[in-house]
Structure formats: structure tokens, C-alpha cells
Amino acid sequence: MPYDLGATARLTADCRDPGGALVTAGTATVTVTLPDGTTATPTPTETQTVGVYQADYVTAAAGRHTVRWLFTGPAHAYTDSFDVREEASPTVLSLQDAKSLLKKQDTADDPLVRFWLEATTSAVEYFVGPVVVRTVTEDHQVGLVKALALRKTPAISLVSVTSLRAGGYDYDTADLHLDPVTGAVTRTDGGQMVGPLQAVYRAGRLIVPANILAGAQLILQHLWRTVSGPGRPQRGMDDFDVTEPIPGLGYAIPNRARQMLNPSDDGPGIA
């Protein structure tokens, strides 16, 4: 499961001889490759179990990390990966709300609950656009235009609109109007904008409507029961009897959840 940014990732690996037996290595090194291509080399140590090694790495960047273990004496290698979440919470529902919904009292399942919360959020935003507030940076390869169409809506506010060309014209956001629903950015004096441009803006919902929260709850319950229940219900049983495929999504999204999201649906694929 993903780590929170700034948390310590405990990395583990086994050193085995050619016959598969655990053995103490002559040397052990571990290299962590960050999303930007830079590397870190935390110090590995052998645990109380012969041939089992661990290294602690304090995460410093969000994204996919790769891990490369290399042993000598005997020669052995192991490659793995882990993910680090962004600093801002990426979920529509809080962990506590999700645990209450799923009737989880202890913390043992927290990593799995958080994972499915993130998956649920992606599904919700597929239909209704950004819900979790985030800063978006977009390049727009346009020429002379009356309006700049931001790709993520609802849009909350503009941070900057600048030229992608050296010597190009940058626009003061005080001189621009943003339509939060359509994402259209226009000059208040009615003039045209000259591109190509880079737009930085905040998108999402400062207040999340009840229908979106309800849809998220239904999706989370459905996914949790699908992967964590005693087994997939047969056709005509449980919630599968009211679930019909949505093109491209199969049975992952219950129809009743989709119906709850409909009032806030600006069209698929805009998130």
C-alpha cells in the first residue's frame, strides 16, 4: 500500500544461495530510485533471522519508487517498488468516515481501506470532475483566442496565466474572468489572448454535495464487499442484481451510485 509523504518505508529482502537457502551475505546494498530519477542508498542491516535484510528509507517525494537490492557472497539480487502519496489528502471521504461505513473498529485494515478510498475517489471524479481540491498546471498550445478552456472543472480560482514563449505576454489574473462551471477564461476587457499559454489554477469543490458523498459511500461499500467479502455473490443475489455494466467500467460501479452522481455529472472523462 502507498506510504504517506514523509513516512518511513521499511524495505526488506532475502539473500539466498543458488539452492534457495537463506544465508548471510558478504555485502548488501539497496538503491532507491525516486520518481525524478535521483537515487538514495539507505543502510541495510541483517535482522535476527539469517539472510533476511531490512533498510529504512524516509520518503521525500510523491510517486512510484523502485528498489534494487544487490548481494554478494553469494551473488543475489531483488527488485521491488513502492508508491508514495501526495501530501494533500487524495480522498473524497475521510478514513474515519470510511471505517465507520465499513464497520471497522481497529487499525489493522487501515492501509487497505485507504487504498480503496483512493480508488473510489478516482471513480467518483471520473463522472463529476475534481472533488478533492488540487492545484492544476496545464499547457495550452493555442494561438489567438477569445477564451482559454481549462480542462478540469469545476475550477475555483486562477493562480497564473503565463506565456510559454520567451518574451511572450503574461496575463494578470485580476484582468481575467473565470467561469468555474465551464472553465472558460476570458479577458474582462473583451480582448483576445495570445498563446501558447500555461495556466495554473485550483480545481475541485470547496463544499462537497451530499449526492457525491452518498455516491462515494455506495462505491466504497461495493468495492470492499467485492474484494473482502466471503466471495462474489451469484447473479440475482445481493447488490449484483441491481448492478449493470457501464461502458468501460464493467461492474465496478453500481448503477445506484451512478444515479446518485448524476446531478453533478458534467460528462465522463473530464476528471
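Everything numeric here is computed off the predicted structure, so don't read it as measured data.

Thresholds, definitions, all that
- Residues numbered from 1 in each chain as written.
- Predicted model: local features only at pLDDT ≥ 70, side-chain atom pairs only at ≥ 80, totals over all residues.
- Heavy atoms only, no water.
- Helix = DSSP H or I, 4+ residues; strand = E, 2+ residues; numbered from the N terminus.
- Buried < 20%, exposed > 50% of the residue type's maximum accessible area, 1.4 Å probe, protein only.
- Contact = heavy atoms within 4.5 Å.
- Areas by Shrake-Rupley, 256 points an atom, 1.4 Å probe, with all protein chains shown as cover.
- Salt bridge = Lys/Arg side-chain N within 4 Å of Asp/Glu carboxyl O.
- 1 Å grid on protein atoms, 1.4 Å probe; cavity = no way out; pocket = protein on both sides within 12 Å on 5 of 7 lines; lining within 4 Å.
- Points joined across faces, edges and corners; volume = space filled by probe spheres on them.
- Nonpolar A, V, L, I, M, F, W, Y, C, P; charged D, E, K, R; others polar.
- Pairing = 2+ DSSP bridges.

A. Quick peek at the overall build of the protein. Assigned secondary structure in the protein consists of 4 helices and 15 strands. For the protein, the proportion of its 271 residues judged to be buried stands at 37%. Excluding contacts between residues fewer than 6 apart, the proportion of contacts in the protein whose partners are at least 24 apart in sequence is 66%. Split by element, the accessible area of the protein, about 14400 Å² in all, is 53% carbon and sulfur.

B. Summary view of the pattern of salt bridges. Under the defined criterion, the tally for this structure stands at 11 salt bridges. Salt-bridge contacts for Lys99 lead to Asp110; the nearest nitrogen and oxygen are separated by 3.2 Å. Of the two residues, Lys99 sits in helix H1 (residues 95-102) while Asp110 sits in helix H2 (residues 110-128), which places them 11 residues apart along the sequence. For the pair shown, Lys99 and Asp110 are each scored as buried.

C. Representation of the layout of surface pockets. The calculated volume of the largest pocket comes to roughly 360 Å³. As for the largest pocket, its lining consists of 14 residues, of which Glu86, Ala88, Ser89, Pro90 and Arg134 are closest to the centre. With 4 residues, the top contributor of residues to the lining of the largest pocket is H2. Considered class by class, the residues forming the lining of the largest pocket number 5 nonpolar, 4 polar and 5 charged.

D. Examining the sheet that holds strand E13 (residues 184-187) more closely. Taken in spatial order, the 3 strands make up an open sheet running E10-E13-E12, and their pairing is antiparallel. In this open sheet, the two edge strands, each paired with only one partner strand, are strand E10 (148-149) and strand E12 (176-178). Strand direction decides the pairing type here: E12 and E13, joined by 3 bridges, are antiparallel. In the strand pairing of E13, Leu178 is matched with Val185.

E. Structural detail: the environment of Thr137. Relative to the elements of secondary structure, Thr137 occurs in strand E8 (residues 134-140). C-alpha separation for the pair Thr137 and Ala199, spaced 62 residues apart in sequence, amounts to 5.8 Å. The residues contacting Thr137, other than those within four sequence positions of it, are Gln198, Ala199 and Val200.

Coordinates in, geometry out; function isn't part of it.
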